[in-house]
Amino acid sequence: MKFMKLGSKPDAFQTDGNDARYVLSELPSDIVIHVDDARFFLHKFPLLSKSSLLQRLIIEASQNGTDEVVIQDIPGGVKTFEICAKFCYGMVVTLNAYNVVAVRCAAEYLGMTEDVEKSNLIFKMEVFLNSGIFRSWKDSIIALQTTDALLPWSEELKLVGRCIDSIATKATANPSNVMWSYTYNRKSASSDETVEARKSSQAVPKDWWVEDLCELDVDLYRRVMVAVKSRGRIPSDVVGEALKAYAARWLPECCDTLVDDVYSESYKHLLETIVWLLPSDKGSSGIPCRFFLQLLKVTVLIGAGELLKEELMDRIVLQLHKASVNDLLIPSKPPAQTIYDIQLVQTLISRYMRHAGVAEDGIFLNNLDQEMFETNVDNESLVALCKLVDRYLAEVASDPNLSVSSFVDLATSMPESARTTHDGLYTAIDIFLKLHPGLPKTEKRKVCSLMDVKKLSKGACIHAAQNDRLPLRPNGSVARCMARLEEEDDDEDGGWKDGHALLEPPTPGALRKQLGSLKLAAADQGGDDGRRLVARSSSVANQSSRLSLSSRSRRIFDKLWVGGGGGGKVSGEAAVGGKGSSDTSGSSQSPRSSAKPLESKSSSASSKNRRYSVS
């Protein structure tokens with residue numbers, strides 16, 4: 001930090017502890033100057049020789065027969081007046097970036113110009129500012145911070161503008177010419193590391209200046225950034241880095257703080273400033289989508305207004321496919337019932353598709369709207385966005401207040417051609433069904449109809465075939481999965497592919513219910529005819545399923561249908577109306593209605609010789 005010492009006499013100012021200041025001298029004081037709540041017992045001659053204002057006030061006091069003078073609203077208050085008074089006495093005073101602006105304003109207020117005396121305080125202040133403060137990067141920032149408390153004097157004397165010009169000139173300098181100390185914590189550099197200490201090992205980064213500006217008040221920061229951008233030497237990605245650093249410094253991470261009315265207005269002003277400073281080129285700003293989504297989250301939580309929200313959404317839709325799931329988890333505000341603002345995400349996806357000129361069937365259309373932005377959307381971007389939507393669905397599917405219509409709308413917001421695999425969609429569907437067990441069958445079928453079995457990996461298809469949460473009907477999800485498995489060779493491992501973990505295998509409750517209902521229906525028909533009908537149906541079903549499924553898929557279905565044939569048991573459902581229950585198993589003690597034909601036993605026995613586990 002630069003500093004300058006003025007005067008040569010020792011400091012003789014004293015205080016009695018009761019806001020009374022006086023100078024140790026053989027001569028008694030002959031004037032009392034009141035500054036705010038303090039009283040200065042001084043001498044007329046040193047003051048009259050330096051200050052035109054004190055000359056006038058002391059003369060007026062003498063004419064009125066008093067030796068007291070009142071000074072009101074002096075810039076910097078008591079401390080600054082004391083520095084000016086010491087300068088009048090020729091005592092040693094030290095000036096630095098923290099007090100130079102205040103002393104310069106006070107000197108102007110007191111009229112300490114060259115007309116009163118040569119090399120007066122104003123002259124010396126200007127020399128120090130131009131030769132020291134404005135040549136130093138950090139001193140310019142410190143001095144600018146002090147100007148806010150000295151308005152309007154600091155503005156009228158152009159001290160604010162001069163500080164801003166000094167900062168902007170250095171921020172836009174070629175990084176290879178930067179030879180001054182600065183703070184840079186954002187990568188590997190430490191906070192106190194200077195360029196001189198590390199210039200031999202690494203080059204100065206383009207965004208070396210952004211952290212030091214984060215300490216500025218929002219209004220001063222805005223003016224500095226306008227000056228930096230107006231020079232046209234800073235690329236938009238560096239401007240984005242500066243805004244990201246400033247937002248991280250002043251916007252809280254806690255959502256509870258954002259909704260506090262005490263701070264909401266200041267956050268609105270801060271958010272408006274950051275958005276206003278964003279590069280005007282929305283399509284190639286170099287700012288990541290995550291930053292825009294963070295700002296949008298704050299906008300929603302504090303209710304910053306629709307204009308601000310629309311501006312951010314316009315920028316987000318240009319690169320929504322680059323976002324992450326966590327970025328999209330924006331908490332909802334009342335009266336919304338869901339945990340996250342799903343409607344907002346739905347709107348973003350719809351706008352993305354509209355701006356991209358993509359129809360629901362995935363066909364690229366001609367962009368007839370001249371106001372649409374260039375998105376450069378290709379098939380890879382659509383596939384990436386579709387995977388993002390599926391992962392987002394899996395996150396919000398656990399919300400008990402998520403409706404079927406919202407789930408379906410979000411799942412169908414992407415064209416089918418963009419969803420190359422349905423593993424992610426199946427995961428979301430399974431979570432949704434697990435967390436919404438009370439859904440009617442029609443609603444379950446509606447949700448499951450979103451999934452195309454042909455686009456499931458083999459591991460996902462095997463898992464779906466065992467999933468008792470899926471509907472079991474001739475054309476239901478389980479049936480389609482079993483039909484899919486019969487077409488594939490299953491010599492390879494059946495676990496989830498593409499990094500998906502296999503969910504916990506469900507118990508085949510739906511199958512048990514069918515078997516139980518079949519036996520009850522047969523029993524109602526009465527006697528041996530009913531039992532023969534059940535046996536015949538069971539035999540036909542087992543034989544047809546065994547003929548249609550190959551290798552491992554057939555064995556899985558056998559275990560689900562008859563309990564594995566090797567001693568495994570499948571408990572039946574309780575009889576309707578409390579009339580008892582029935583058990584089925586592959587043992588000799590199984591009821592006649594579920595007994596297997598002889599060839600079924602031999603087939604099951606031969607399968608025991610092959611080790612195969614379904615995880």
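Rules behind the numbers
- Numbering of residues starts from 1 in each chain and follows the order in which that chain's sequence is written.
- Note on the predicted model: pLDDT of at least 70 is required for a residue's local features to be given, and 80 or more for side-chain atom pairs to be given and counted; whole-chain, interface and lining totals, by contrast, use all residues.
- Hydrogens and water molecules were not included; the side-chain quantities draw on all heavy atoms of the structure.
- UniProt positions are given in the numbering used here, feature names are shortened, and annotations may be inferred rather than shown by experiment.
- Labels follow the DSSP assignment, with helices taken as runs of H or I lasting at least four residues and strands as runs of E lasting at least two, numbered in each case from the N terminus.
- The classification of residues rests on relative accessible area computed with a 1.4 Å probe and restricted to protein chains. Under 20% of the type maximum is buried, over 50% is exposed, and intermediate values are partly exposed.
- Two residues qualify as a contact provided that any one of their heavy atoms is within 4.5 Å of a heavy atom in the partner residue.
- Note that accessible areas follow from Shrake-Rupley with a 1.4 Å probe, and for residues the cover is restricted to the protein chains shown.
- Residues enter patches when their relative accessible area tops 30% and they take part in no salt bridge; the joining distance is 9 Å for like charges and 5 Å for the nonpolar side chains Val, Leu, Ile, Met, Phe, Trp and Tyr.
- When a carboxyl oxygen of Asp or Glu lies within 4 Å of a side-chain nitrogen of Lys or Arg, that pair is called a salt bridge.
- Positive charges come from Lys and Arg alone, negative charges from Asp and Glu alone, with His and the N- and C-terminal ends not counted.
- Charge placement uses NZ in Lys and CZ in Arg. For Asp and Glu, CG and CD serve respectively.
- Here, the term nonpolar core denotes a set of buried Ala, Val, Leu, Ile, Met, Phe, Trp, Tyr and Cys residues that are joined through side-chain atoms within 4.5 Å.
- A score from 0 to 100, pLDDT tells how confident the predictor is in each residue.
- Two strands make a pair as long as DSSP finds a minimum of two bridges between them.
- Note on geometry: axes are C-alpha line fits, over the in-contact stretch for helices, and angles between N-to-C directions span 0 to 180 degrees.
- An angle counts as roughly parallel when it lies under 35 degrees, as roughly antiparallel when it exceeds 145, as roughly perpendicular when it falls between 65 and 115, and as oblique in every other case.
- Three classes are used: nonpolar for Ala, Val, Leu, Ile, Met, Phe, Trp, Tyr, Cys and Pro, charged for Asp, Glu, Lys and Arg, and polar for all others, with Gly counted as polar.

- Under the annotation held in an unreviewed UniProt entry, the protein chain carries the name BTB/POZ domain-containing protein NPY1 and is attributed to Urochloa decumbens.
- Under Pathway (unreviewed entry), UniProt gives the following word-for-word description of the protein chain: "Protein modification; protein ubiquitination."
- As stated in UniProt under Sequence similarities (unreviewed entry), the record for the protein chain gives "Belongs to the NPH3 family."

Considerations on the overall build of the protein chain
And step 1. From N to C terminus, the protein chain includes 28 helices and nine strands.
And step 2. Within the protein chain, buried positions represent 48% of all 615 residues.
And step 3. Relative to all contacts within the protein chain whose residues are 6 or more apart in sequence, the contacts with residues 24 or more apart total 69%.
And step 4. Here the protein chain displays about 30,800 Å² of accessible surface, and carbon together with sulfur accounts for 50% of that area.

Regarding the side chain of threonine 147
And step 1. Within the secondary structure, threonine 147 sits in helix H6 (residues 137–147).
And step 2. Judged by relative accessible area, threonine 147 falls into the buried class, the value being 0%.
And step 3. If near-sequence neighbours (up to four positions away) are discounted, threonine 147 is found in contact with Val101, Ser154, Val160 and Leu220.

Describing a negative patch on the surface
And step 1. A surface patch of like charges, here negative, comprises Asp16, Asp19, Asp36, Asp37 and Asp73.
And step 2. Structurally, the position occupied by aspartate 73 is in the loop between strand S6 (68–71) and helix H3 (77–89).

Focus on the nonpolar core
And step 1. With 161 residues, the main nonpolar core has Ile33, Leu42, Ile71 and Trp209 as its most contacted residues.
And step 2. Residues within four places of isoleucine 71 in sequence aside, it is in contact with Ile33, His34, Val35, Asp36, Leu54, Leu57, Phe81, Tyr109 and Leu110.

Digging into the confidence of the model for the protein chain
For any part of a model where pLDDT is low, the fine detail of the predicted coordinates should not be relied upon.
And step 1. Across the protein chain, the average pLDDT comes to 76, with 68% of residues at 70 or higher.
And step 2. Here residues 366–375 is modelled with pLDDT under 50, and outside its nearest four sequence neighbours on either side it reaches twelve contacts, counting other chains as well.

Quick look at unusual backbone geometry
And step 1. Following leucine 151, the chain continues into proline 152 via a peptide bond in cis, with omega recorded as 5°.
And step 2. When you line up the elements, proline 152 lands in the loop between H6 and helix H7 (153–156).
And step 3. Backbone geometry places serine 119, a non-glycine residue, at a positive phi of 55°.
And step 4. Structurally, serine 119 can be placed in the loop between helix H4 (100–110) and helix H5 (121–131).
And step 5. One non-glycine residue, lysine 158, lies in positive phi territory at about 60°.
And step 6. Following the sequence through the fold, lysine 158 ends up in the loop between H7 and helix H8 (159–171).
And step 7. Overall, the relative accessible area of 57% leaves lysine 158 in the exposed class.

Examining the pattern of salt bridges
And step 1. Under the defined criterion, the tally for this structure stands at 21 salt bridges.
And step 2. With a shortest N-O distance of 2.8 Å, glutamate 126 and arginine 162 are connected by a salt bridge. With a gap of 36 residues between them, glutamate 126 in helix H5 and arginine 162 in helix H8 connect regions that are remote in the sequence.
And step 3. Residue arginine 162 is classed as partly exposed on the basis of its relative accessible area of 23%.
And step 4. Ionic pairing is found between glutamate 155 and arginine 223, a salt bridge with its closest N-O pair at 3.1 Å. Of the two residues, glutamate 155 sits in helix H7 while arginine 223 sits in helix H11 (residues 218–230), which places them 68 residues apart along the sequence.
And step 5. Under the relative-accessibility criterion, arginine 223 is labelled partly exposed at 35%.

As for the sheet that holds S6
And step 1. One open sheet accounts for five strands, arranged S2-S3-S5-S4-S6; its pairing is mixed. If you trace the sheet from one side to the other, it starts and ends with strand S2 (13–15) and S6, each paired once. Sheet twist, expressed as the average angle between the axes of neighbouring strands with direction ignored, equals 25°.
And step 2. Where strand S4 (residues 31–35) meets strand S5 (residues 38–42), five bridges bridge the pair, whose relative direction is antiparallel.

Some points on the packing of H11 against helix H12 (residues 236–250)
And step 1. Contact geometry for H11 and H12: axes closest at 12 Å, N-to-C directions at 170°. Looking at the two axes, H11 sits roughly antiparallel to H12. Seen from H11, the contacting residues are Val218, Tyr221, Met225 and Lys229; seen from H12, they are Val239, Ala242, Leu243 and Tyr246.
And step 2. Class assignment for the residues of the contact of H11 with H12 results in seven nonpolar, no polar and one charged.

Side note on the packing of helix H18 (residues 342–356) against helix H19 (residues 379–396)
Each pair of packed helices can be summarised by the angle the axes make with each other and by the distance between the axes.
And step 1. Look at H18 against H19: their axes get within 12 Å of each other, and the N-to-C directions meet at 170°. In terms of orientation, H18 and H19 fall into the roughly antiparallel class. Contacts between H18 and H19 pair Ile342, Val345, Ile349, Tyr352 and Met353 from the former with Ser381, Leu382, Leu385, Val389, Tyr392 and Val396 from the latter.
And step 2. In terms of residue class, the contact of H18 with H19 is built from ten nonpolar, one polar and no charged.

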